[in-house]
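Here's the letter readout for the chains.
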Amino acid sequence: MNLRIRPLVVTLSILLAPLRAQEAETWQVVDLPFSASESAERPFDVTFGATWLHEDGEVRVVPGFFDGDGRWMLRFAPGRSGRWTFRTFSTLPSLEGKTGELRVADSVKSGRRGPIAIDPKNPRRFVHADGAPYFALSFELDWLFALDWDNPDDIPKTRSIVGHVADNGFNQVVMNVYAYDANWGERERIRPGHNFAKPAVFPYGGTNEQPDHSTLNVAFFRHLDRVLAHLHEKEVVAHLMIYVWNKKVNWAKPYTPEDNLYFDYVVKRFQAFPNIIWDISKEALAYGRDDLGYITDRIARLRRLDGHRRLVTVHDYAYCRQHPDKVDFVSVQEWRPNLYNEMLAVADRHPQRPIVNIEHGGYEMTMHGIFTGAYTDAIACLDRAYLCVFAGTYPTYYWQNSSWYEVVYDPGLLPPGQRPAFHYYRNMAELFARYEFNRLEPRQYLYSPYCLTDNKTVFLYYLPRDMFALEGMAPTELRGKTVRLSWFDPLSGETLLDRDREIANRGGAWTGYRKPALLGAGAVVAILEVVEL
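Remember, predicted model here, so these are calculated numbers, not experimental data.

## Overview of a nonpolar patch on the surface
Side chains of Leu53, Val59 and Val61 sit close together on the surface and give an oily, nonpolar patch of about 220 Å² of accessible area. Mapped onto the fold, Val59 is located in strand β5 (residues 59-63).

In structure tokens:
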């Protein structure tokens, strides 16, 4: 196994009480393994965990989990520097009452900002744990878990696609814990090495065709550890969907002990990863398997188990709309052509939650179709993403040849005409790092295109394709001011500086700024900034 992608594993003997102090950094995943002296007939049912105490009095109760081969694991990711101590609890006497100490220093890893949280000053926006803004730009990779499951030494396919994702500005992947197959797609055109349908691995005992729901496959979850650890190393968030109903998985029946066995184990094992966001199920209410009560039960169950308190959502607006108080942010699937107005309406309906359009109907296609949705052209899909952002919400990107059971994990090796336009989204990420998205909100002005502004000195206007001028009444905040006008090209990422303009103070405070001919007919972002004289 490649040690570069493993959590920190501290080998401890439970015969020592108290255990000697260990060292770690904030937001580092620490694994503390324990062995019991007695056997357990049903080890997955053993209660095991620890109460963690920070030196200033903060308490976290974190469950452990059975890791196979007679081993139980405490997994913890300290969110604060200082001295942490723990004491175990268990229904196995030999695992009860073990104590230890963890001395935690501030993280020295470049770019490590901690888990994703809701901005306490602006609940419509995300931040990192350290307060830095987080512009969520997601990439769907449902079958990411399956890429290297049969390679015990390394995860090269995973590293390849995650590298492309991270290098192009995406900071989040939407992925399943497990998926099996789908009914759609041009299967005959998929290269065998890129087809991950019907993986020969299963989270329960047995196989997907002949499952044993009474037990779990620890080897499956150990591999998923590797995937999540690599995402954490690359500072990419794993938006982890615990269930999916339309991918032919032979799940245990809802509410049964076997269903709880799987669900609880996922929460216990993966909660420590600081890059986790929980999602109960993809399209949770869409296929008749469950109802609102079941999803509410799963959320409550998760929150009881999750001592690390990661964010929770449900990939289903039918649920989020009725129970926004149960989730930390709202996920919506909005395909309609009037996307900007629809996303504004959702945001207005839920003013205390970030809004993520987890599927906006755009699925970029470069080679062959897997699921076409409503839009397949790369520029049309990008336009949909900008409409979400200019409505003050967050988009999600799909490439048809990586988002489902076909995963072209090496897109850089494709002929130029077949490569996806990932770099368009790097340009978007860089734009909203330069003009901090968390400081901006959508506003409309008479006759003007879509606008994001800080209501003081910065006004960004999105001009869709074929809109050749920034027309409309100028904001009152700009009247009588000198502004610097520049034009951002979403495709190239280049910014063209125009001349400074003086905006009238009354009456004729009209913009009327024509897009430079160099930018052609494509979409642009016009940027007006007050010039300090």
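## Section: the packing of helix α3 (residues 257-270) against helix α4 (residues 292-305)
For any two helices packed against each other, one specifies the crossing angle of their axes together with the interaxial distance. Contact pair α3 / α4: the axes reach a minimum separation of 10 Å and the direction vectors enclose 45°. Relative to α4, the element α3 is oriented oblique. Where α3 crosses over α4, the two elements pack in a sense that is right-handed. Seen from α3, the contacting residues are Asp259, Asn260, Phe263, Asp264, Val267 and Lys268; seen from α4, they are Tyr294, Arg298, Arg301, Leu302 and Leu305. Here the residues of the contact of α3 with α4 are counted per class, giving five nonpolar, one polar and five charged.

## Considerations on unusual backbone geometry
Not every positive phi belongs to a glycine, and Asp69 is a case in point at roughly 55°. Here Asp69 lies in the loop between β6 (65-66) and β7 (71-76). Residue classification places Asp69 among the exposed positions, given a relative accessible area of 73%. Despite not being glycine, Arg309 shows a phi value in the positive range, around 60°. Of note, Arg309 is situated in the loop between α4 and β19 (312-315).

## A few points about helix α2 (residues 218-233)
Because each turn of an α-helix spans 3.6 residues, side chains separated by three or four positions in sequence point in the same direction. Compared with an ideal rise of 1.5 Å per residue, which puts 16 residues at 22 Å, α2 spans 23 Å between its outermost C-alpha atoms and is within 8% of the ideal. Most of α2 is tucked away: 13 of the 16 residues are buried. After α2 finishes, the residue Glu235 shows a positive phi value of roughly 60°.

## Digging into the pairing of strand β21 (residues 355-359)
With five of its five residues buried, β21 lies for the most part within the structure. Taken together, the four bridges between strand β20 (residues 330-333) and β21 define a ladder with parallel strand orientation. Bridge pairing links Val330 to Ile355 in β21. Where the polypeptide runs from β20 across helix α6 (residues 339-349) and back to β21, its parallel neighbour, the crossover connection is right-handed.

## A word on the pattern of salt bridges
Using the criterion set out here, one finds 32 salt bridges in the structure. Salt-bridge contacts for Glu359 lead to Lys282; the nearest nitrogen and oxygen are separated by 3.2 Å. Placement of Glu359 in strand β21 and of Lys282 in strand β18 (residues 276-282) is noted, with a sequence separation of 77 residues between them. Looking at Glu359, the relative accessible area reads 4%, which means it is buried. Given the relative accessible area of 2%, Lys282 is considered buried. A salt bridge links Asp328 to Arg303, with the nearest nitrogen and oxygen atoms 3.3 Å apart. One end of the pair, Asp328, is in the loop between α5 (317-322) and β20; the other, Arg303, is in helix α4, and 25 residues separate them in sequence.

## Here's the deal with the layout of surface pockets
Approximately 550 Å³ is the volume attributed to the largest pocket. If you list the elements that add at least two residues to the lining of the largest pocket, you get β12 (133-134), α2 and α8 (423-434). A breakdown of the residues in the lining of the largest pocket according to their chemical character gives 17 nonpolar, eight polar and five charged.

## Section: the confidence of the model for the protein chain
With 95% of its residues at a pLDDT of at least 70, the protein chain reaches an overall mean of 94. The low-confidence segment residues 1-7 (pLDDT under 50) makes 17 contacts with residues lying over four places distant or belonging to another chain. Predicted confidence for residues 9-19 stays below pLDDT 50, and this span has 24 contacts to residues more than four positions away or in other chains.

## Brief notes about the sheet that holds β19
Judged by pairing direction, the sheet is parallel, and its six strands sit side by side in the order β19-β18-β17-β14-β13-β22 without closing on themselves. If you trace the sheet from one side to the other, it starts and ends with β19 and β22 (396-397), each paired once. Bridge count for strand β17 (residues 237-244) against β18 is six bridges, and the pairing is parallel. Each bridged residue has a counterpart across the sheet, and for Val244 the counterpart in β18 is Lys282. Across the sheet, α2 is in contact with β14 (172-176), β17 and β18; its angle to β14 comes to roughly 170°. On top of the sheet, α3 reaches β17 and β18; it is set at about 175° to β17, its chief contact.

The rules we used
Here the residue numbers are simple positions, counted from 1 along each chain's written sequence. Residue-level local features of this predicted model are given only where pLDDT is at least 70; pairs of side-chain atoms are given and counted only at 80 or more, and the full residue set underlies all totals for whole chains, interfaces and linings. Heavy atoms from the whole structure form the basis of all side-chain values; hydrogens and water molecules are not counted. Residues forming no salt bridge and having over 30% relative accessible area are the ones grouped into patches, like charges within 9 Å of each other and nonpolar side chains (Val, Leu, Ile, Met, Phe, Trp, Tyr) within 5 Å. The method behind every accessible area is Shrake-Rupley, applied with a 1.4 Å probe, and residues are considered shielded solely by the protein chains displayed. For this analysis, a salt bridge means a side-chain nitrogen from Lys or Arg found within 4 Å of a carboxyl oxygen belonging to Asp or Glu. Elements are defined by DSSP. Helices are runs of H or I of four residues or more, strands are runs of E of two residues or more, and each kind is numbered from the N terminus. For helices, the axis comes from a line fit to the C-alpha atoms of the stretch in contact; other axes are also lines fit to C-alpha atoms, and the angle between any two N-to-C directions lies between 0 and 180 degrees. Oblique is the label for any angle not under 35 degrees, not over 145, and not in the 65 to 115 range, which are roughly parallel, roughly antiparallel and roughly perpendicular in turn. Left-handed describes a crossing in which the near helix is turned anticlockwise from the far one by less than a right angle; the clockwise case is right-handed. Note on contacts: a residue pair is in contact if any heavy atoms of the two residues lie within 4.5 Å. Ten residues, namely Ala, Val, Leu, Ile, Met, Phe, Trp, Tyr, Cys and Pro, are considered nonpolar, four, namely Asp, Glu, Lys and Arg, are considered charged, and the remaining ones, Gly among them, are considered polar. Think of it in three bands: with a 1.4 Å probe and only protein chains considered, a residue is buried below 20% of the maximum accessible area for its type, exposed above 50%, and partly exposed in between. Working rule for helices: expected span equals 1.5 Å times residues minus one. Between any two strands, pairing holds if DSSP finds at least two bridges. Looking down the strands as they point away from you, a crossover is right-handed if its path from the first strand over the helix to the second goes clockwise. For cavity detection a 1 Å grid was placed over the protein atoms alone, and a set of points counts as a cavity when a 1.4 Å probe fits there but cannot get out; an open set counts as a pocket when protein lies on both sides within 12 Å along at least five of seven lines, with lining residues being those that have an atom within 4 Å of a point. Grid points are joined across faces, edges and corners, and a volume is the space filled by probe spheres set on the points. pLDDT is a per-residue confidence score from the predictor, ranging from 0 to 100.

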